[in-house]
Amino acid sequence: MHEVLRLEKLLFPSIANVVVLSVVVDEDVVRVDARSVAGGAECPGCGDPSNRLHGSYLRFPADVPSGGRRVVLSLRVRRFRCHNASCGRQSFVEQIPGLTRRHGQRTERLRSMLADVGLALAGRAGARLARVFGVPVSRSTVLRLVEALPAPDSPSPRVVGVDEYATRKGRNYGTVLVDVETRRPVDLLPDREASTLAAWLAQRTGIEVVCRDQAPFFAEGAAAGAPQAVQVADRWHLWHNLSEAAERAVAQHRRCLRVLVPEAPQPVVADAAPADEPSGSPWPTGHRFADRTRSRHAAVHELLEAGHSRRSIQRQLGMTYRTVQRLANAATPEELFTGQWQNRTSVLDEYKPYLDDRWNDGCTNAWKLWEEIVPLGYKGSYGRVRAYLHKTRTSPRPVTARPPSPRAVAGWILRRPESLAETETLQLKTVRAHCPELDALTRHVRSFATMLTDRQGQRLPDWLDAVRQDNLPSLHTLAAGIDRDRDAVIAGLTLPWNSGVVEGHVNRIKMLKRQMFGRAGFALLRKRVLMS
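Here's a quick rundown of the structure. Small disclaimer: the values here were computed from a predicted structure and weren't measured.

### Section: the sheet that holds strand S9 (residues 172–179)
The five strands are arranged S10-S9-S8-S11-S12 in an open sheet whose pairing can be described as mixed. Looking along the sheet, the strands with just one partner apiece sit at the ends: strand S10 (184–189) and strand S12 (230–233). Going from strand to strand, the sheet's axes swing by 30° on average, the running direction of each strand aside. Sheet topology note: the strand S8 (residues 159–168)/S9 ladder contains eight bridges and is antiparallel. The residue bridging Gly161 from the neighbouring strand is Val178, located in S9. Helix-sheet contacts for helix H4 (residues 194–202) involve S8, S9 and S10, and the interaxial angle to S10 is about 130°. Contacts from helix H19 (residues 500–515) reach S8, S9 and S10, with the element oriented near 30° to S8.

Now the structure itself:
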């Protein structure tokens, strides 16, 4: 009897009005017989209580395993008659709060456990883990239990972060909203439209700060839905945009980086060409057509000197008579190299100097170079340009030192001066002394870095004016984008808020949606993001 009471407290610690009649423990199964002892129950149709007993029957809800053993619960429940004549139900079955529900095949605590597993691992992995616990279920069942959870309420935060996430990269996007103060997601929106964000913000009047990137739809939505809130541009995105603009600016002055490379020694030119090299030949030695013509010419003249006729030479060498006649009438092989080969021209010839100069400047993209020479009058195909550049790329070049890449030099400019090595500091100093544009770029980048780290957003208008005075087109483009969103950028460079926590949740959403292998819709993804 004491063992039954102990197992009753273990199996049903917080369940009232349930009496355990017997417990049988086998090697793999715990069999529990129990019944309800409540005085009555409420009708689910009208809510009136009733104690008129109609009958009883056994239910076998699956329960959480105990001690590694499967629990087989045999629960006797009662059916009552409804007193209310206007109620559509004549009888109903009692439900035990915390243990059963209508048409439920599992106890409430097993449903809760499987739902928690589904929130953490989704369907496939959750089903595998449940099988380890001793509860064999399918992945669809796990997902259905998660979908049956009540929709979470979205609170009204004071500081909200907004960013987009991709359900299908490049095509479908949604919006995630995060409480920056508690670092918890508060809601997911099915798209990234400004109207959707504005409607969400308009329902929550307590929002004071909106952290976002420089996407125009978020700026429009925040302005329309929460005009009282301060919009804050994210500092990481500002620095990232500046980094890309700096790298483009350095790439436009790639030729200035050659100052860091020592001059290569001039090659020694031979005084005279070798005696065995035929002068004036349009085809050099080693050309397969020229070598074949020379060997055939030598073979034909050797047989002619031996006294063979031209018909005999034709049969021996397997040539046509006309070919033998041409080879025999030529005193030297070079006489056969005349014709259209010497006068052959290409529509690309007049553009080759331009292509060579752009190649030496560092532009090695064939498609981009083809787009550059088409406005200059080039009528040929892209394939001809690509073939010419491929020949240039594979041609042997003298082994010389290479200048640093624009990405490396941009890294020197973007990093803190005290973190640079001594050689990098000297090289950057040489580049700045040689190129005024890169010197101005370095000053602007370091001024922006000081403004960002020291939260001196009030200096932004002066920085924009200084950038416009220098010949740096890539920074002009960046300055134009910042100027369109000036108030939010100044707030981002002044206030302590940022969108870093939102980026972390976007990364988590990627993991959650990939766990479900396309089985989840927006509603299920929203529950997993907000409840897990």
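So that's the structure; there's more coming.
### So, the packing of aromatic side chains
According to the stated counting rule, one finds seven aromatic pairs in the structure shown. Plain terms: the ring middles of Phe217 and Phe218 are 4.8 Å apart, the flat faces sit at 75° to each other, and that makes the pair edge-to-face. In this structure Phe217 comes out as partly exposed when scored by relative accessible area, which is 22%. Judged by its relative accessible area of 1%, Phe218 falls in the buried class. Here a set of aromatic residues connected by ring pairs shows up, and it is made of Trp367, Trp370 and Tyr382. Note that Arg192 overlies the ring of Tyr173, its terminal NZ or CZ placed 4.0 Å from the centroid.

### Details of the pattern of salt bridges
Once the charged atoms of two side chains with opposite charge are near each other, the side chains can pair. The full count for this structure, using the stated rule, is 19 salt bridges. Asp483 is the salt-bridge partner of Arg468, the closest N and O atoms lying 3.1 Å from each other. With Arg468 in helix H16 (residues 460–468) and Asp483 in helix H17 (residues 473–484), the pair connects residues that are 15 residues apart, well separated along the chain. Residue Arg468 is classed as partly exposed on the basis of its relative accessible area, which comes to 37%. On the basis of relative accessibility, which here comes to 31%, the residue Asp483 falls in the partly exposed class. Linked through salt bridges whose partners overlap, the residues forming this network are Asp465, Arg468, Asp483 and Arg486.

Reading the values: rules and limits
Residues numbered from 1 in each chain as written. Predicted model: local features only at pLDDT ≥ 70, side-chain atom pairs only at ≥ 80, totals over all residues. Heavy atoms only, no water. Pairing = 2+ DSSP bridges. Helix = DSSP H or I, 4+ residues; strand = E, 2+ residues; numbered from the N terminus. Axes fitted to C-alpha atoms, helices over the stretch in contact; angles between N-to-C directions. Contact = heavy atoms within 4.5 Å. Phe/Tyr/Trp six-rings, centres within 6.5 Å; stacked < 30°, edge-to-face > 60°. Buried < 20%, exposed > 50% of the residue type's maximum accessible area, 1.4 Å probe, protein only. Lys NZ or Arg CZ within 6 Å of the ring centre and 35° of its normal. Salt bridge = Lys/Arg side-chain N within 4 Å of Asp/Glu carboxyl O.

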